[in-house]
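Here's the letter readout for the chains.
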Amino acid sequence: MSDSSLLIVLSTLSTGLIMGAIFSLVAAGVTIVYGCVWLPNASNGQFFLLAALVVWTFTLSFGWSSLAASLAVIVLGVLLAVVLELVLIRRLYNAPNRNVAYFVVTLGLTQILSGIFSLTYAKWSDQFSVPPVIEGITMLGPFPISNNRLLAMVVSLGVLGLLFALLRYHPYGRALRAVFQNREAAALRGVNVRAIYRLSFVLGSTIIFLGGILFAFAYSFDLSVAWTMSITAFAIMIVGGPGSVLGALVVGMTFGFTQAIVSIFASPTVAMFSYLGAMLIMLLFQPNGLFKR
Amino acid sequence: MNNNMKSWASRMALMGAFVWCSATAQAQTGTPIKIGFVTELSGPWAFIGTNCVAGLNMATDEINKAGGVLNRPLQFIIKDNQTNPSSALAAARTLDVNDKVAALSGPTNSDTSLSMYGYAEQQKIPFLVPVAAFPQLTKPGTHYTFRIEPDAAGWGYAIAKFIEQQKPGAKVAVMYSDTALAHAIVAGFQYQAPKSKLSIVSSILFPQGSSDATVQAAQVKATKPDYVIVIGAGAFDNVLTNQLLDLGIKPPQVIHPFGMTTQVFGWGTRSIGSIYGTFFDHGMDSLTPEGKSFISRFDSANGRPPSYIENFCYNTAYVFKEALQAAGTDDREKLRNALSKLNTKEITSGVPIKFDKNGARKEYMYFMEIVSVNGKRTYQSKQRLYIEWNPEVLPVYDIIK
């Protein structure tokens, strides 16, 4: 294989892995919240973007290191999720048709955040790139990959691994899975369902924030990434199966690789939406999701 | 006695201040001359619109401190079009009907400009477009619209001429985002490339919202281009550039059709040696004393040098001033005639401003090479080429619809 062809193959692999890892992470956050609370969070894309914007602000305006900014955004993200759950989300736990109510409420939140971002950050939209946590590149044969992107991929996959371990081995994780599967039975077994709702919302939202931070390190972004990521994350959740982190991983990776492979043969425009084709094919065979609970 | 003297002194001081204020006020009597300025202060193009207003406000302050126009203050009523054509049209209508402005100006985005263009032509309002390069803004039959920025198809033409001079027979790759501006530039380049004996070895279009170009950069690298023209939207431009540089494309091989100050900062030190096109830059050779003063004052006020955006909007105010003085009135029809007959120069660079029968200007472009970049504070550049051309060398209205 010539160097040029090898370069293209390796670039495709790396794109699929990195993009797929970030897709999977964000979708895992979305699916945890939906699987537990039945909350289709329409504002997950705006949370994703908020994290990226705040990291950018801390690094460029305040001169913080990228690592310090990321940790600060995680802490702030947890606090924001806790406040949102206390003030807004928990009021609808017992509402009839609460998934519709949640969707409408979070849609309102989406519009508010979108408007705020447009009024405040739009004038810097040509500058949204964050300094790397780790400088330099690593050579994979003839293909250079930035260390920052490698870090984003490793952290995404690492967090997904920790999530698996939490859900499988930790009492809180097992309680989450119990509520995913049957909340009434879980309650009868002594699980504090409302506390698990709170945990799942905060955990899921924090994972989405982390996804936004990692995306900002790996790529540039603009304000439209909120909508793109929101749609992608929902699509992955539906195809992977609501509440299934494994489903989010498998489908997220599939979508990432689909985009990368299609971009070799077709235009970037076609590649960008090729995952929707993959989604349709998967749903044809498994209309309830690949790993439905 | 002392108290009386103090009291008298303070009364005289007050009176003196009153006389001085009146004298200053008498330099500008009457109601302000109002120009509607509808620009992008929010939405995706806000980073250009806000820069434009910074340049405009500097010029307006200077003009009014010097006595205004026709002994009246010049007032730009600034409205935000949210980078939305419908909002731009609504704002234009409000300025026309409610504020009865003498003219319209302001948009820096081709889509918002086009929506105002239709209104201005229909309502017979002089419309001076400071920064929008879509050629259809001055298509044949245009009567009330005048465009200060050269049309984008011409930029593509100029790039082809630049490359032809640098390396005859060069192989060129093009990577660009799906925006009207990028399409126009690429169309102009594609038209001129065969005439300049250049071959286009790759042409890749990215949808808006793209964040990654890893695979496409590898594909471009595989074609072994001599030059790569990079036209990314927003921060994606940095991603495109860095991914090409990561793969071994050298900075002097990278050409950006346009470079604002914030873009140069974004490209950073990795792009030293890269080329960018512009219409005003603090590194260019032909700065006038007013241009150097403008750069110095803008830098002091904003913490960075101005680029062509701020310069065009700065000059827009002076163009209005000259046209109003030539017209002798703010009557729309007379102002329109004065604009069409204007034969002047950019106050900052001496480049001629003269509009043809459709409101287009004789086209020009500078090509600059990045010499050094100092964080987000400043950069140094040197002029590699200045080129002028007549807009009619390109069948612009045929190649861009």
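Residues numbered from 1 in each chain as written. Chains lettered and ligands numbered in written order. Predicted model: local features only at pLDDT ≥ 70, side-chain atom pairs only at ≥ 80, totals over all residues.

*Asks:* What am I meant to see in the overall build of chain A here?
*Replies:* The number of helices and strands found in chain A is 12 helices and two strands. Scanning chain A from its N terminus toward the C terminus, one meets helices and strands in the order α-α-α-α-β-β-α-α-α-α-α-α-α-α. The C-alpha radius of gyration of chain A comes to 19 Å, within 12% of the 19 Å expected for a compact globule of 293 residues. At a minimum sequence separation of 6, the contacts of chain A that also span at least 24 residues come to 76%. (Helix = DSSP H or I, 4+ residues; strand = E, 2+ residues; numbered from the N terminus. Rg over C-alpha atoms; globule rule 2.2 N^0.38 Å. Contact = placed C-beta atoms within 7 Å.)

*Asks:* Just checking my understanding: could you explain helix α7 (residues 214-222) of chain B for this structure?
*Replies:* An α-helical turn contains 3.6 residues, so any two residues separated by three or four positions project in the same direction. Residue and element names in this part refer to chain B. Among the nine residues of α7, eight are classified as buried, and the element is accordingly described as predominantly covered. T214, V215, Q216, A217, A218, Q219, V220 and K221 are the residues of α7 that are buried. Phi turns positive one or two residues past the end of α7, at K224, with a value near 50°. (Buried ≥ 20, exposed ≤ 12 C-beta atoms within 10 Å, placed from the backbone.)

*Asks:* I keep staring at the sheet that holds strand β10 (residues 275-278) of chain B and nothing clicks. Help me out?
*Replies:* Adjacent strands of a sheet form backbone hydrogen bonds with each other and so pair up, either parallel or antiparallel. All names here are of chain B. Read from one edge of the open sheet, seven strands run β7-β6-β8-β9-β10-β13-β14, paired in mixed fashion. Across the chains shown, the open sheet's two edge strands, defined by having one partner strand only, are β7 (199-206) and β14 (378-389). The sheet shows a mean angle of 20° between the axes of neighbouring strands, direction not considered. Bridging between strand β9 (residues 254-256) and β10 involves two bridges; their strand directions are parallel. (Pairing = 2+ DSSP bridges. Axes fitted to C-alpha atoms, helices over the stretch in contact; angles between N-to-C directions.)

*Asks:* I'm lost on the domain arrangement of chain B in this one. Help?
*Replies:* For an interface, size is often stated in terms of accessible area lost upon the parts coming together. Residues and elements named next belong to chain B. Under the domain assignment, chain B is made up of domain 1 (33-150 + 287-361) and domain 2 (153-278 + 365-399). The distance between the C-alpha centroids of domain 1 and domain 2 comes to 27 Å. The interface is formed by 17 residues belonging to domain 1 together with 16 residues belonging to domain 2. Within the residue set of the side of domain 1 that touches domain 2, elements represented by two or more residues are α4 (110-123) and α11 (308-327). Residues belonging to the side of domain 1 that touches domain 2 are distributed by class as follows: 11 nonpolar, two polar and four charged. (Domains from an automatic or database assignment. Nonpolar A, V, L, I, M, F, W, Y, C, P; charged D, E, K, R; others polar.)

*Asks:* Mind showing me how you'd approach the environment of F127(B) here?
*Replies:* Residue and element names in this part refer to chain B. When you line up the elements, F127 lands in strand β4 (residues 127-129). Between the C-alpha atoms of F127 and L95, which are 32 residues apart in sequence, the distance is 12 Å. With residues up to four places along the chain from it excluded, the contact list for F127 reads A103, L104, S105, M116, Y117, A120, Y144 and T145.

*Asks:* For this particular structure, what's the right way to read the pairing of β7(B)?
*Replies:* Every regular strand shows the same layout, with side chains that alternate between the two sheet faces. Residues and elements named next belong to chain B. Here seven bridges tie strand β6 (residues 171-177) to β7, and the two strands are oriented parallel to one another. Bridging across to β7, Y176 finds its partner in L205. Between the parallel elements β6 and β7, the chain passes through helix α6 (residues 180-192) in a crossover that is right-handed. (Right-handed = clockwise from strand over helix to strand, strands pointing away.)

*Asks:* Explanation requested: unusual backbone geometry in the structure shown.
*Replies:* Note: most peptide bonds trans; most residues except glycine with negative phi. Residues and elements named next belong to chain B. In this structure, Q82 is a non-glycine residue whose phi angle is positive, near 55°. Inspection of the secondary structure puts Q82 in the loop between β2 (74-80) and α3 (85-97). Since 22 C-beta atoms lie within 10 Å of it, Q82 is described here as buried. Positive phi outside glycine occurs at K124, with the angle close to 60°. Judged by C-beta crowding, with 12 C-beta atoms within 10 Å, K124 ranks as exposed.

*Asks:* What should I look at first to understand the sheet that holds strand β5 (residues 145-147) of chain B in this one?
*Replies:* Residue and element names in this part refer to chain B. Ordered by their spatial adjacency, five strands build an open sheet running β2-β1-β3-β4-β5, and the pairing between neighbours is parallel. The strands lining the two open edges of the sheet, one partner per strand, are β2 and β5. Put simply, the sheet's adjacent strands are angled 25° from each other on average, direction ignored. By the bridge criterion, two bridges tie strand β3 (residues 103-105) to β4 in an arrangement that is parallel. The partner of S105 across the bridge, within β4, is L128. Where helix α2 (residues 46-65) meets the sheet, it contacts β1 (33-39) and β2, and its direction lies at approximately 165° from that of β2.

*Asks:* How should I be thinking about the packing of helix α6 (residues 171-181) of chain A against helix α8 (residues 193-218) of chain A in this particular structure?
*Replies:* Geometry of a packed helix pair, given as the angle between the helix axes and the separation of the axes. Residue and element names in this part refer to chain A. Remark: α6 packs on α8, axes separated minimally by 10 Å, with the N-to-C direction vectors making an angle of 105°. The angle between α6 and α8 places the two elements in the roughly perpendicular class. Residues Y172, A175, L176 and V179 of α6 pack against V193, I196, L199 and S200 of α8. Partitioning the contact of α6 with α8 into residue classes produces seven nonpolar, one polar and no charged. (Parallel < 35°, antiparallel > 145°, perpendicular 65-115°, else oblique.)

*Asks:* Looking at this structure, I do not really get the environment of V130(A). What am I missing?
*Replies:* Take V130(A): it is sitting in the loop between α4 (98-120) and β1 (137-140). Among residues more than four places away in sequence, those in contact with V130(A) are V55(A), W56(A), T59(A), S66(A), A216(A) and F217(A).

*Asks:* Teacher, can you tell me more about the packing of helix α9 (residues 225-240) of chain A against helix α12 (residues 274-285) of chain A here?
*Replies:* Residues and elements named next belong to chain A. Direction vectors running N to C along α9 and α12 enclose 20°, while the axes themselves pass 10 Å from each other. In terms of their interaxial angle, α9 and α12 are classed as roughly parallel. Our pair here, α9 against α12, has a crossing hand that is left-handed. Of the residues in α12, those touching α9 at T232, A235 and V239 are Y275, L276, M279, M282 and L283. The residue makeup of the contact of α9 with α12, split by class, is seven nonpolar, one polar and no charged. (Left-handed = near helix turned anticlockwise from the far one by under 90°.)

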